[in-house]
Amino acid sequence: MAALATRIRVHSTKSLCRCFSSKANNEQTNPVRGMKDRFGEENRRFQWINDKGSKIASRYGFDQITTPILEYSQVFERTLGDSSDVVGKELYSFEDKGGSRLTMRPEGTAGITRALISQKLYNDLPQKFYYSGPMFRHERPQKGRLRQFEQFGIEVYGQSHASSDVETIEVASVFLKSLGLTSASLEINTLGDNASRQNYKTALKEYLSNYTDQLSEDSVNRILDSKSPQDIHILENSPVLSDYLSEASKVRFAFITRTLEHMDIPYIINPRLVRGLDYYQDTVFEFKVTSPLLGAQQGTVLAGGRYDGLVEKMGGPVGVPSIGWAAGLERLSLLVDDNKIPLTARPIAIIPVPDRGGSFSAEPDNNKNNTPSVMALHSHAMSVGAALRAKGMRVEFMHLTGSSSSKSQLPKQLARASKMNASHAVLIGTDEMQKGVVTLKDLDKTEQQLCPVDDLVRTLSAQRPFRC
Ligand code: ATP
Ligand code: MG
């Protein structure tokens, strides 16, 4: 404390303020880099995308699952593979006060697979889940790339037939179409079974050993997934996985592509699509969109694949086949056409007008001589609002401003009602209350009429342009 006092004395007040203000204030008022506050229109858009996904997934028999944001670090380190970008560079990990090593989930699959094992859900296969929520990766923030971002995804456990791969891709395709993203193109590939991948890795390592001084990484898996132009150039002439596929893998992949054709789901085979060899096997796929709204490297809006070995790798039973995908909501939200999002219902403004007609008592709770009190007027107006809400209408009660509650603030309240795009204002003064009516003002036509309270719901339902 003494040391602090000495230091403070040598600063002028002005420089001290500057000292405290800049960084400290920024950190106090700004969100963390790569993380965003979301509200208003953008939040409605996210909600709409999530609703579309949930409805479509439940039509295919998926159930919602919610798992914690924090998991023991091992959940991700053991499953995503040490060589993946996510584990190598992007994890938000820390030690908690009890000394446990925890990680904020960078994706959904590992946590959901952990839940399948902890809750013994594998005893009742198949299990089909959909999920949504925030994920965390320490990446360089760009358009469509954040450090906290949201995903909507699905996972299927206990179905191994290639038709289940097709159905999983079909859900993705229906989901993206429902958002109006008809131009998203499906790229698909097979990584083959274990034997195919081992043969390929050996050949690839041999090829890459000629370029070690020019490559951005030393890991084969990362090179395959690399976005560096130099790596991509070197890979142009590398061996391709399709030349190393076993017969069974080829037959399986042919079933998938032919069935997609039958189902009118267009695709492009991209023999260089790998998505990290550790995690996936057989089918991998991505839906891509080319748009100036997304950064050059953020064209993939949805990605997934088959990961049959994961349940076993995480300590669950052997032989639980699994497949899934995840879509990035920030990227989808940038692409969705605003016209697709349904308009929110316009509110109805309820305006108490204490000094309008009749006499009233300024005493808040005085009801002597049958003179209505301000409090009685407010509770009456609020119950009119409650009756409209009970019928599903959106109602904004226009509270008086300041401490005075006995003087009308009608012009200001009407201006506020118009600003919030209210379709009608319901004016309730002492006279109206005593007669059991309200003054109903159509704010688009600037017309008004007296309307019995009991008839208000019917009248508004007939007149309003947008209903809930
Ligand atoms: P990318 O190649 O763009 O880094 P990824 O392969 O790391 O993506 P996945 O782990 O497959 O991504 O996640 C599925 C989807 O989640 C991606 O296709 C993308 O739409 C979205 N996504 C991934 N990382 C981010 C991020 N940092 N910010 C916003 N969305 C993201
Ligand atoms: Mg990434």
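Not measured: the values here are computed from a predicted model.

### Some points on the sheet that holds strand β7 (residues 185–190)
A sheet is described by the order of its strands in space; here 8 strands give the open sequence β1-β5-β6-β11-β10-β9-β7-β8, paired in mixed fashion. This sheet does not close on itself; its edge strands, each paired only once, are β1 (63–64) and β8 (268–269). Its contacts with the sheet put helix α6 (residues 109–118) on β5 (127–136) and β6 (148–157), and the angle it makes with β6 is roughly 45°.

### A word on the environment of L102
Checked against the element boundaries, L102 lands in strand β4 (residues 101–104). L102 gets classed as buried once you look at its relative accessible area, which sits at 11%. Dropping the residues within four chain positions of it, L102 is found in contact with L70, E71, Y72, S73, Y92, S93, F94 and D96.

### A closer look at the UniProt feature "binding site: L-histidine" (unreviewed entry) in the protein chain
Per the UniProt record, the feature "binding site: L-histidine" (unreviewed entry) sits at E107, G108, T109, R137, Q151, E155, R275, Y279 and Y280. Looking at the secondary structure, you find R137 in the loop between β5 and β6. By relative accessible area, R137 is classed as buried at 17%. Setting aside anything within four residues of it in sequence, one finds R137 in contact with V86, E90, Y92, P106, E107, L146, R147, F149 and Q151. A distance of 2.9 Å separates a polar side-chain atom of R137 from the backbone oxygen of P106. For Q151, the position within the fold is in strand β6. Beyond its immediate sequence surroundings of up to four residues, Q151 is in contact with E107, G108, Y131, S132, G133, M135, R137, A326, A327 and L329.

### As for the sheet that holds strand β3 (residues 92–95)
If you walk across this open sheet you meet the 3 strands as β2-β4-β3, and the pairing is antiparallel. Both edges of this open sheet fall to β2 (70–72) and β3, since each of them pairs with a single strand only. For this sheet, the mean inter-axis angle between neighbouring strands, taken without regard to orientation, is 35°. Relative to β4, β3 runs antiparallel, the two being bridged by 4 bridges. The residue of β4 that forms the bridge with F94 is L102.

### Focus: the pattern of salt bridges
Considering all chains together, one arrives at 16 salt bridges under this definition. When the shortest N-O distance is used, the salt bridge between D165 and R306 registers 2.8 Å. With D165 in helix α7 (residues 162–178) and R306 in strand β10 (residues 300–306), this residue pair connects regions lying 141 residues apart in the sequence. Each member of the pair D165 and R306 is classed as buried. One salt-bridge network, in which partners are shared between bridges, spans D165, R252, R306 and D308.

### Focus: the packing of α7 against helix α11 (residues 247–262)
Running from amino to carboxyl end, α7 crosses α11 at an angle of 40°, the nearest separation of the two axes being 9 Å. Classified by the angle between their axes, α7 and α11 sit oblique to one another. Crossing geometry of α7 relative to α11 is assigned as right-handed. Packed against α7, whose contacting residues are A162, S163, D165, V166 and I169, the element α11 presents R252, F255, I256, T259 and L260 at the interface. Its residues assigned to classes, the contact of α7 with α11 shows 6 nonpolar, 2 polar and 2 charged.

### Topic: the site of ligand 1
Lining the immediate environment of ligand 1, one finds 16 residues, of which R137, E139, R145, K227 and R275 sit closest. Within the side chain of E139, an N or O atom sits 2.6 Å from a nitrogen atom of ligand 1. Within the contact set of ligand 1, an oxygen atom lies 3.1 Å away from a side-chain nitrogen or oxygen of R331. Bound to the protein, ligand 1 loses 87% of the 590 Å² it would expose on its own. At the level of secondary structure, the elements contributing two or more residues to the shell around ligand 1 comprise β6, β10 and β11 (322–328). Considering only residue class, the shell around ligand 1 consists of 6 nonpolar, 4 polar and 6 charged.

### Describing the packing of aromatic side chains
On inspection of all chains with the given rule, the structure shows 8 aromatic pairs. Between Y130 and F152, the ring centres sit 5.9 Å apart and the planes meet at 25°, which makes this aromatic pair stacked. Placement of Y130 in strand β5 and of F152 in strand β6 is noted, with a sequence separation of 22 residues between them. The residues Y130 and F152 share a single accessibility class, namely buried. Note on Y200 and Y244: the rings are 5.9 Å apart at their centroids and 50° apart in plane angle, and the pair reads as tilted. Note that Y200 is positioned in helix α8 (residues 194–208) and Y244 in the loop between α10 (229–235) and α11, a separation of 44 residues in sequence. For Y244, a relative accessible area of 27% puts it in the partly exposed group. Each member of the aromatic cluster is reached from another via a ring pair, and the members are Y130, F152, F175 and W325. Over the ring of F62 we find K128, and its NZ or CZ is 5.0 Å from the ring centre.

What counts, and at which threshold
- Residues numbered from 1 in each chain as written.
- Chains lettered and ligands numbered in written order.
- Predicted model: local features only at pLDDT ≥ 70, side-chain atom pairs only at ≥ 80, totals over all residues.
- Heavy atoms only, no water.
- Pairing = 2+ DSSP bridges.
- Helix = DSSP H or I, 4+ residues; strand = E, 2+ residues; numbered from the N terminus.
- Contact = heavy atoms within 4.5 Å.
- Axes fitted to C-alpha atoms, helices over the stretch in contact; angles between N-to-C directions.
- Buried < 20%, exposed > 50% of the residue type's maximum accessible area, 1.4 Å probe, protein only.
- UniProt positions renumbered as here; feature names shortened; annotations may be inferred.
- Polar contact = N/O pair within 3.5 Å; in protein donor to acceptor, adjacent residues only side chain to side chain.
- Salt bridge = Lys/Arg side-chain N within 4 Å of Asp/Glu carboxyl O.
- Parallel < 35°, antiparallel > 145°, perpendicular 65-115°, else oblique.
- Left-handed = near helix turned anticlockwise from the far one by under 90°.
- Nonpolar A, V, L, I, M, F, W, Y, C, P; charged D, E, K, R; others polar.
- Near = heavy atom within 4 Å.
- Areas by Shrake-Rupley, 256 points an atom, 1.4 Å probe, with all protein chains shown as cover.
- Phe/Tyr/Trp six-rings, centres within 6.5 Å; stacked < 30°, edge-to-face > 60°.
- Lys NZ or Arg CZ within 6 Å of the ring centre and 35° of its normal.

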